[in-house]
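Now for the letters of each chain:
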Amino acid sequence: MSSVTLKGVYKKYAGGVVAVSDFNLDVEDKEFIILVGPSGCGKTTTLRMIAGLEEITDGELYIDGKLCNDVPPKERDIAMVFQNYALYPHMTVFDNMAFGLKLRRIPKDEIKRRVDEAARILEIEHLLDRKPAALSGGQRQRVALGRAIVRNPKVFLLDEPLSNLDAKLRAQMRTELTKLHIRLNTTFIYVTHDQTEAMTMGTRIVVMKDGFIQQVATPQSLYEEPINLFVATFIGSPQMNTINVTLVDEGGVTYAEFGDARIALPESKGRKPEVLAYAGQEVIMGIRPENIHDEEMFLNMHPDSLVTTDVDVVEQMGNENFLYLVCNGKQMTARVSNRSTAKNGDTIKVAFDTSKIHLFDKDSEKTITN
């Protein structure tokens, strides 16, 4: 078992700065959970409190059901992989990986067995005699992981371990880390500001902002059912389009109006009591770029959701195009097929897939409906 539970955890610094507020989370055994959010949201501070590198101001931390607030880091049976890898430059790869085991007076033959096994898993057997200066960024990252693996910890804590890698290697290492989690069959708690990493790797994601948890859910749930506007716009790339609209209840149909555009909401959304409560009021409408279409077939099928837009810029991505549009002074992004004929400067009609529209309260920014 390697579960982690945080109950009402706070981190307050001198001067009244509160880095983490009322953090409650149950991390299940063998879970790959990701803390994600913008810089300064408290995710690394939370990780360091779990590791014992930061003192918990208030609240309780349990590892495997044991209260660990006052347990020294070395006795928590966790291993942390840092953003800068923190390798000893004067030691070989073997000695870097073995260092923690030597401090614990593990027998030499057992140390060699563990290091060789970790090197095999990470495919760095041929690097064991080299020093960090002779390694690439990706190889150093593997060594840092290897140093953690040899300890056989209950929990792995990873603090933005891919942020120093180039884009291609970062994508490759995302896959490697997912495979490593499956192979080791233990608990991973991973911090990142990159929502692509979060969406592709985590079994569950914790979205944080200003020290508070915004939502905890699976990647798909976060994407399709965000609890508020922050989560909706943080998760997804390109990010969700947001438009201030007025809801109008007319003839048994609810319309979202902005400028001279008028979009009929489907009955499944528009006739919900929580939506009708906003009739005559301004709300925020959200729609993801892939749910804005310019294909003739879609335009013909959805005459009640057509809007006229000016094409500002077309980005051809190979397998798809991004259209940067302006409609009634509102900027929008559409993610469309590479067969799209739209060009810079065109005026075109697009259709919204209204079944995918999200509505948010303008003041609280909480979700009205997904």
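Residues numbered from 1 in each chain as written. Predicted model: local features only at pLDDT ≥ 70, side-chain atom pairs only at ≥ 80, totals over all residues. Heavy atoms only, no water.

The next point concerns the nonpolar core. By size, the foremost hydrophobic cluster in this structure holds 46 residues, and its most contacted members are Met97, Leu158, Leu177, Leu180, Tyr190 and Val207. Per-element tally for this core: the top contributor is helix α3 (residues 108-122), with six residues. Setting aside chain neighbours within four positions, we find Met97 in contact with Val115, Ala118, Ala119, Ile124, Leu128, Val143, Gly146, Arg147 and Val150. Among the nonpolar cores identified, the runner-up in size contains 30 residues, and Val245, Ile287, Ile348 and Leu359 belong to it. (Core = buried A, V, L, I, M, F, W, Y, C linked by side-chain atoms within 4.5 Å. Buried < 20%, exposed > 50% of the residue type's maximum accessible area, 1.4 Å probe, protein only. Helix = DSSP H or I, 4+ residues; strand = E, 2+ residues; numbered from the N terminus. Contact = heavy atoms within 4.5 Å.)

The next subject is unusual backbone geometry. Geometrically, the link from Ser237 to Pro238 is a cis peptide bond, its omega value of -5° lying close to zero. Considering the arrangement of structural elements, one finds Pro238 in the loop between α8 (229-234) and β11 (241-250). The phi torsion at Asp77 lies on the positive side, around 55°, for a residue other than glycine. Looking at the secondary structure, you find Asp77 in the loop between β5 (66-67) and β6 (78-81). Its relative accessible area of 26% is what places Asp77 among the partly exposed residues.

Now for the packing of helix α2 (residues 93-103) against helix α4 (residues 137-149). Where α2 meets α4, the axes come as close as 8 Å, and the angle between the chain directions of the two elements is 30°. The pairing of α2 with α4 is recorded here as roughly parallel in orientation. When the axes of α2 and α4 are compared, the crossing they make is right-handed. Seen from α2, the contacting residues are Val93, Asn96 and Met97; seen from α4, they are Val143, Gly146 and Arg147. When grouped by side-chain class, the residues that make up the contact of α2 with α4 number three nonpolar, two polar and one charged. (Axes fitted to C-alpha atoms, helices over the stretch in contact; angles between N-to-C directions. Parallel < 35°, antiparallel > 145°, perpendicular 65-115°, else oblique. Left-handed = near helix turned anticlockwise from the far one by under 90°. Nonpolar A, V, L, I, M, F, W, Y, C, P; charged D, E, K, R; others polar.)

What the four strands build is an open sheet, ordered β2-β1-β4-β5; its pairing is antiparallel. The open sheet has two edge strands, β2 (18-27) and β5, and neither has a second partner. As paired elements, strand β1 (residues 4-12) and β2 share six bridges and run antiparallel to each other. Residue Thr5 lies in a different strand from β2, and its bridge partner there is Asp26. (Pairing = 2+ DSSP bridges.)

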